[in-house]
Amino acid sequence: LLESIAASDDLIAALRASALLAEHTARSGDPAAMREVLADLADVDTFSTLAAIESLARLRDTGAGDQLVRYLDHPAEIVRRHAAWRLGPRPPRAGAYRTLTERLTGGGIETMHAHRTLRSWSRSDRDGVVAAIVERLASATEPAARARLADALGAIADAGLDGALITMALDSDEAMSARIATIGALGSRPGPDVERALVTLARTEDELGVHAAIAIGDLCAPALYNRSAGAEGLRIAQLTLAGELDGRLSRGGRGDTGGVASLMVSLGEALVRREDVAHVFTIGRGVPAAVVADQLVPDDGKLAYGTLAYGDPVRPGAAPGDSWEHLPAIERGIVRVLRDRPAVDVLHLRMADVGALAGLGAATTLGIETCFSLAPDPHGVIQSLQDQGKLDRRSFVDLAASDHVWFRARLVERLTREASRLALFPRADLDRFFTFPDDVERLGDGGGVARGGAVAGVDGAAHGVSPAAGDHVEGGDRPALRPAVVVPEGIDLDLTHQARRALGQSGTGQHPVPEVLADLAARIPDGRRHLPLLMSVGRFNPIKGMDRVAAAWGSDPRLYESCTLVIVGGSLIDPTPVERSVLDAIGRVVPESSPAAEGLVLLGGRPREDVALLLAAAGAGLPGGWAAGGTYVDGASKEEFGLALIEALAAGLVVTAPSVGGPPSYVEPDVTGVLVDAEADLGPAIRQAFTLVDRPGRAEHARRMVEERYSVDTMADRLVGLYDSVPVLL
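Quick summary incoming for the structure in this document. (Residues numbered from 1 in each chain as written. Predicted model: local features only at pLDDT ≥ 70, side-chain atom pairs only at ≥ 80, totals over all residues. Heavy atoms only, no water.)

A short note on the overall build of the chain
And then number 1: Counting its secondary structure elements, the chain contains 32 helices and 18 strands.
And then number 2: Residues counted as buried form 58% of the 730 residues belonging to the chain.
And then number 3: Expressed as a percentage of contacts within the chain between residues at least 6 apart in sequence, the contacts between residues at least 24 apart total 71%.
And then number 4: As displayed, the chain offers around 28000 Å² of accessible surface, 51% of which is attributable to carbon and sulfur atoms. (Helix = DSSP H or I, 4+ residues; strand = E, 2+ residues; numbered from the N terminus. Buried < 20%, exposed > 50% of the residue type's maximum accessible area, 1.4 Å probe, protein only. Contact = heavy atoms within 4.5 Å. Areas by Shrake-Rupley, 256 points an atom, 1.4 Å probe, with all protein chains shown as cover.)

Encoded structure:
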């Protein structure tokens, strides 16, 4: 194990070895000797230092705790952060309080790690932790720092702190962000003094009043989770922070409302079409006013939506991958929306982000079983970058510091270990990252390592999944296998069919051209209306590669003179900073002075019905607007699955897709599309895609493949079978 960690060029193998070493360390009978071994390991390089910290955290020895505390002052930020994270499960160390409260004020994931460790330690040393936070508050002046400290103080379960929190919330001289954080915490601390303070604050006609109204709703929620005994049919909750949700997905493609958000909307509709499903509750992100509206008029229909709001003026709620410090508010929000409605049978979690971590905590608090969609992320990203020669041990450490891949890898492993059910992505190379018979090596992070992974359905054997012993049910010694099913994601084919019908009707002249198509036609110059479209749909985030698409098209006269590039996504009127960076990048590769500029159309984010119409019309053409025979391109370097690609195939388009991740499992090279390596020029692949358009039977073949394998109704069928299954005792 030491050899693999210190010298292996295979980063995934080294990560697995570090987990195994931690497990071995936990069983060590000679802590002093083990400390020496780990000290030698830490001297190799920073990667090895991180692995040594994981093992030190498992060593039942005072000296190990001393060493971890010393790492809090290490020159490398990632090492300090790693130590703060791994100290959490250990006994409190008074000598670390001052440093951890300083880390608490830094922001981002560093704040989250310090927060979680101090909250854990407060269970056995409340006075010491509170004194350290209060001391830091006395000297902190920046509003963001004070808000983070207020979050930490409010998370400590002790009624003796209510007075101090009330004082902060009512203090008009206190930073607005700190008051908002304190008000949120008061919502989970019932008592007459708290209630009076919140009622007073709710009367104010500003942002504080909205947050106070939310907190009052929290106080009014049932103290105990409402078990809906005897309810007929499954009651399912699904959670995503990837965008703002409503039934139309009206903000589709804007901000971070992308494919996952679209899937949640379509899947919810498919699930409630089943007679054996009583209720589907989709939880997404929104604004505080929407939370208040939910509380006043809860949506209790068979298909309902709940809203989470987090962030404040100086700590805005960012994309899920950047919102780690908002964990306390997100977890409170999940508990709130679930308590406000009848109980659910299962909470489905996706992605290794703060939402999944908060969802796991909320489910534990409420006693709800969880299902986790297991995809090799970030493991797949790590492997892909290494395969491209872009990642070695040194640059991996940089990636762990910026994108938190070490922590997120362990989070995936924890979710896999603790979820009661697993939905596996249909990737041919899934066993490259996760091999269930061997998942003590593949999935453990040292602490109740899972060895389960029973297949309760179809396709399991084809993806390297088979049962193995190890998990145990409470109250008995017989191991239990958790249900796991391969579940391809699906699209709403009704939208595709409706789009094709709408095109057919408008083609007769008896119905008007749909507004989105008329809008697009008006933006295409007269001299280009004989050309087909090259479509790309997605969020304006650098990982989606919209600038890569624009660069490939705009630099190749054979492309920009033969097709019009239409990019659907982003907010063009009020872009976020991330969207603005993408718009600027597109502007640099296709400047207004470029001969290609008149052929580039940015349509902005559109509701899902509009996207379906655009894809169908790209293939069929629109008389007087553009020619038939368009294609679709995805500029991302990898897609875990790629729902927009599936939608394009369902519309009969040839697709250009990344060769990494999910697309190779459904794109047939040189038949339904072209697969492109992450670093390859997209231009030749797009030109090749256009040569496939007129292949006889191709479009119908692609549509049939999607209808047979990737309907959201098929996805719903598999998930209901998974939700309704029970562990199997060996």
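Focus: the environment of Gly 545
And then number 1: By the element assignment, Gly 545 lies in the loop between strand E12 (533–537) and helix H25 (546–554).
And then number 2: Leave out the neighbours within four places in its chain, and Gly 545 touches Gly 635 and Ala 636.

Considerations on the nonpolar core
Within soluble globular proteins, side chains that are nonpolar tend to cluster in buried spots.
And then number 1: By size, the foremost hydrophobic cluster in this structure holds 118 residues, and its most contacted members are Leu 338, Phe 396 and Trp 406.
And then number 2: No other element matches the 8 residues that helix H18 (residues 354–366) contributes to this core. (Core = buried A, V, L, I, M, F, W, Y, C linked by side-chain atoms within 4.5 Å.)

Quick word on helix H20 (residues 393–403)
Quick reminder: α-helices carry 3.6 residues per turn. Residues three or four places apart thus point the same way.
And then number 1: If you check which residues of H20 are buried, you get Arg 393, Phe 396, Val 397, Leu 399 and Ala 400. Projected down its long axis, H20 shows its buried positions confined to an angular sector of 160°, all on one face.
And then number 2: Considering only its buried residues, H20 is in contact with helix H1 (2–7), helix H2 (11–26), helix H4 (46–56), helix H6 (77–86), helix H19 (379–387) and helix H21 (405–418).
And then number 3: Put simply, Asp 392 is the residue that caps the front of H20, since its side-chain oxygen is 3.2 Å from the backbone nitrogen of Arg 394. (Arc of directions from axis to C-beta. Polar contact = N/O pair within 3.5 Å; in protein donor to acceptor, adjacent residues only side chain to side chain.)

Regarding the environment of Thr 656
And then number 1: On the secondary structure map, Thr 656 appears in strand E16 (residues 654–658).
And then number 2: The buried category is assigned to Thr 656, whose relative accessible area is 0%.
And then number 3: Sequence spacing of Thr 656 and Gly 635 is 21 residues, and the spatial spacing of their C-alpha atoms is 8.2 Å.
And then number 4: Aside from chain neighbours lying at most four places away, what touches Thr 656 is Tyr 632, Val 633, Asp 634, Leu 645, Val 674, Val 676, Leu 682, Ala 685, Ile 686 and Ala 689.

Examining a negative patch on the surface
And then number 1: A cluster of acidic side chains, namely Asp 9, Asp 10, Asp 392 and Asp 398, defines a negative patch on the protein surface.
And then number 2: Relative to the helices and strands, Asp 392 resides in the loop between H19 and H20.
And then number 3: Exposure remark for Asp 392: the relative accessible area of 44% places this residue in the partly exposed category. (Patch = residues over 30% accessible without salt bridge, like charges linked within 9 Å, V, L, I, M, F, W, Y side chains within 5 Å. Salt bridge = Lys/Arg side-chain N within 4 Å of Asp/Glu carboxyl O. Lys, Arg positive; Asp, Glu negative; His and termini not counted. Charge placed at Lys NZ, Arg CZ, Asp CG, Glu CD.)

Some thoughts on the packing of H6 against helix H8 (residues 108–121)
And then number 1: At a minimum axis separation of 8 Å, H6 and H8 run at an interaxial angle of 30°. Considered as vectors, H6 and H8 are oriented roughly parallel to each other. For the pair H6 and H8, the sense of crossing is left-handed. Across the interface between the two elements, Arg 81, Ala 84 and Trp 85 from H6 touch Ile 109, Glu 110, His 113 and Thr 117 from H8.
And then number 2: The class makeup of the residues in the contact of H6 with H8 is 3 nonpolar, 2 polar and 2 charged. (Axes fitted to C-alpha atoms, helices over the stretch in contact; angles between N-to-C directions. Parallel < 35°, antiparallel > 145°, perpendicular 65-115°, else oblique. Left-handed = near helix turned anticlockwise from the far one by under 90°. Nonpolar A, V, L, I, M, F, W, Y, C, P; charged D, E, K, R; others polar.)

What to know about the pattern of salt bridges
And then number 1: For the structure on display, the rule yields 39 salt bridges.
And then number 2: One connected set of salt bridges, linked through shared partners, spans Arg 148, Asp 151, Asp 312, Arg 315 and Glu 325.

Side note on the pairing of strand E6 (residues 346–350)
And then number 1: With 5 of 5 residues buried, E6 is to be regarded as a mostly interior element.
And then number 2: The alternating pattern of E6 places Val 346, His 348 and Arg 350 and Leu 347 and Leu 349 on opposite faces, both of which are buried.
And then number 3: In this fold, the crossover linking E6 to strand E7 (residues 369–374) by way of H18 has right-handed handedness. (Right-handed = clockwise from strand over helix to strand, strands pointing away.)

Details of the side chain of Thr 416
And then number 1: Among the structural elements, Thr 416 can be located in helix H21.
And then number 2: For Thr 416, a relative accessible area of 1% puts it in the buried group.

Quick word on the sheet that holds strand E17 (residues 673–676)
And then number 1: A sheet is described by the order of its strands in space; here 6 strands give the open sequence E14-E13-E12-E15-E16-E17, paired in parallel fashion. Bordering the open sheet on either side are strand E14 (600–602) and E17, each of which pairs with just one other strand. Along the sheet, successive strands turn relative to each other by an average axial angle of 20°, direction set aside.
And then number 2: Those strands touched by H25 are E12, strand E13 (564–568), E14, strand E15 (631–633) and E17, and its axis lies near 175° from that of E13. (Pairing = 2+ DSSP bridges.)

Brief notes about the packing of H18 against H21
And then number 1: Put simply, H18 and H21 touch, their axes get as near as 11 Å, and they point 35° apart. In this structure, the crossing between H18 and H21 has a hand that is left-handed. Taking contact as the criterion, the partners of Ala 356, Leu 357 and Leu 360 in H18 are, on H21, Phe 407, Leu 411, Arg 414, Leu 415 and Glu 418.
And then number 2: Within the contact of H18 with H21, the residues separate by chemical class into 6 nonpolar, no polar and 2 charged.

Remarks on helix H5 (residues 62–71)
And then number 1: For H5, the set of buried residues is Gly 63, Ala 64, Gly 65, Leu 68, Val 69 and Tyr 71.
And then number 2: In the core, the buried residues of H5 are packed alongside helix H3 (31–42), H4 and H6.
And then number 3: Put simply, Asp 61 is the residue that caps the front of H5, since its side-chain oxygen is 3.2 Å from the backbone nitrogen of Gly 63.

Quick look at unusual backbone geometry
Glycine aside, residues mostly have negative phi angles, and peptide bonds mostly take the trans form.
And then number 1: In the Ramachandran plot, Met 351 falls in the positive-phi region, its phi being about 75° despite a non-glycine side chain.
And then number 2: Here Met 351 is to be found in the loop between E6 and H18.
And then number 3: Look at Met 351 and you get partly exposed, because its relative accessible area is 35%.
And then number 4: Residues other than glycine seldom take positive phi values, yet Asp 670 does so here, at roughly 65°.
And then number 5: Note on placement: Asp 670 falls in the loop between E16 and E17.

Quick look at the packing of aromatic side chains
And then number 1: Inspection of every chain in the model, using the stated rule, returns 10 aromatic pairs.
And then number 2: The interplanar angle of 80° and the centroid separation of 5.0 Å between the aromatic rings of Trp 85 and Phe 407 together place this pair among those described as edge-to-face. Placement of Trp 85 in helix H6 and of Phe 407 in helix H21 is noted, with a sequence separation of 322 residues between them. Judged on exposure class, the residue Trp 85 and its partner Phe 407 are both buried.
And then number 3: Summarising the aromatic geometry, the rings of Trp 324 and Phe 407 are spaced 5.5 Å apart at their centres and angled 85° between planes, so their arrangement reads as edge-to-face. A residue pair is termed long-range when its members are at least 10 positions apart, and Trp 324 in the loop between strand E5 (315–316) and helix H17 (327–339) and Phe 407 in helix H21 qualify at 83 residues. Here Trp 324 matches Phe 407 in class, with each residue buried. (Phe/Tyr/Trp six-rings, centres within 6.5 Å; stacked < 30°, edge-to-face > 60°.)

Quick look at the pairing of strand E2 (residues 277–285)
And then number 1: By the criterion of burial, E2 is predominantly enclosed, with 8 of the 9 residues buried.
And then number 2: As defined by bridge partners, E2 adjoins strand E3 (residues 303–308) across 6 bridges and the pair is classed as parallel. Considered in E3, the bridge of Thr 282 is made with Tyr 305.

Considerations on the environment of Gly 154
And then number 1: Along the chain, Gly 154 falls in helix H10 (residues 143–154).
And then number 2: Placed 29 residues apart in sequence, Gly 154 and Ile 183 show a C-alpha to C-alpha distance of 9.0 Å.
And then number 3: Those residues in contact with Gly 154 that sit more than four places away from it in its chain are Leu 165, Ala 185 and Arg 189.

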